[in-house]
Amino acid sequence: MFPYEINPVDKSLQEELMSDFKGERNGYVQVGPKKWFFPAAYTDHAEKFYSYPIRQEDVWVVTYPRSGTIVMEELVWLIVHDLDFDGQARVSLDERFPFFEYTMLHDEEFNRDLWKLNNYEFEPLRKLAFWQKPVYEMDLPSPRLVSTHLPYSLLPPALTKKCKSIYIARNPKDVSVSYYHQNRLLKVFDFQSDFEKYWGYFENDLLTWSPYWEHLKEGWEQRNNPNVLFIFYEDLRKERMEFIKNFQNISTKEQING
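The rules we used
Residues numbered from 1 in each chain as written. Predicted model: local features only at pLDDT ≥ 70, side-chain atom pairs only at ≥ 80, totals over all residues. Heavy atoms only, no water. Pairing = 2+ DSSP bridges. Helix = DSSP H or I, 4+ residues; strand = E, 2+ residues; numbered from the N terminus. Axes fitted to C-alpha atoms, helices over the stretch in contact; angles between N-to-C directions. Buried < 20%, exposed > 50% of the residue type's maximum accessible area, 1.4 Å probe, protein only.

### Structural notes on the sheet that holds strand β7 (residues 228–232)
No. 1: An order of β5-β4-β6-β7 is seen for the 4 strands of this open sheet, with the pairing classed as parallel. The sheet is open, and its two borders are formed by β5 (145–148) and β7, each paired with just one other strand. Here the average twist between neighbouring strands, direction ignored, is 15 degrees.
No. 2: By the bridge criterion, 4 bridges tie strand β4 (residues 59–63) to β5 in an arrangement that is parallel. Counterpart to Val-59 in the pairing with β5 is Leu-145.

Following this line, the structure appears as structure tokens:
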């Protein structure tokens, strides 16, 4: 059973947020005592996210947005798949390393509008259909490689006990600037205002997947867990070979591949 209350944000704040973030059609909610901030669609998936069955062979990448998710996904995928660069080039990253909660960002109305913007072409439709399907309904072969921006407290409790995960942290100044530009660029957010306004939302924990500091704290609390590798993005950029060694220390190929 999902252990936290989910409540809509106050009406006046909801109106302000909906005015600034045109990509969200259904409003926002806050979850639990830490007030995790999500699109309202999170409510429909919270229990299934939390109760998703974990396999021992799983490898998860857990990050707050704009903290090095993509580079980590590519590194982990290549390590697990014996540097298969042909396979890497042939299949898109979101299919090789699915993002756990894409589905809460893509409702039918938004997808119809986005497909129209792409001139009703087939490939955008295929992508949108893939993103809309929940990972918990996908029949993924082991080893399952999954990424998420959800904090550990909203993920299956077995995740930190049964399988391997990597938590990446990044300087909040860099995170906020990068997240701002992504929110301006992507239609799923479609942020309409300037960075000063955006920074206010970041400081007040009113961005999707916030609060940043609580997210980071939950990752930091797992740093001594033998199943979790905690790493700073800045260190990853300086010395990727060190990460590869550390990843091998927490997970042997036999464990991952069963």
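### Let's talk about the pairing of strand β2 (residues 28–31)
The side chains of a regular strand alternate between both faces of the sheet.
No. 1: Across the two faces of β2 the burial is the same, with Tyr-28 and Gln-30 and Val-29 and Val-31 all buried.
No. 2: With 3 bridges connecting them, strand β1 (residues 6–8) and β2 associate as antiparallel partners. Following the sheet pairing, Ile-6 is matched in β2 by Val-31.
No. 3: Here 4 bridges tie β2 to strand β3 (residues 36–39), and the two strands are oriented antiparallel to one another. The residue of β3 that forms the bridge with Gln-30 is Phe-37.
No. 4: Counted along the chain from β2 to the antiparallel partner β3, the turn is 4 residues long, and its residue Gly-32 has a positive phi close to 70 degrees.

### Structural notes on unusual backbone geometry
No. 1: In this chain, Ser-142 is followed by Pro-143 through a cis amide linkage whose omega measures 0 degrees.
No. 2: Its place among the elements puts Pro-143 in the loop between α7 (122–132) and β5.
No. 3: Cis peptide bonds are those with omega within 30 degrees of zero, and the linkage from Ser-210 to Pro-211 qualifies with 10 degrees.
No. 4: A positive phi angle is found at Arg-66, which is not glycine, with a value near 65 degrees.
No. 5: Positionally, Arg-66 belongs in the loop between β4 and α3 (69–80).
No. 6: Even without glycine at this site, Asp-82 takes up a positive phi of about 55 degrees.
No. 7: Positionally, Asp-82 belongs in the loop between α3 and α4 (85–90).

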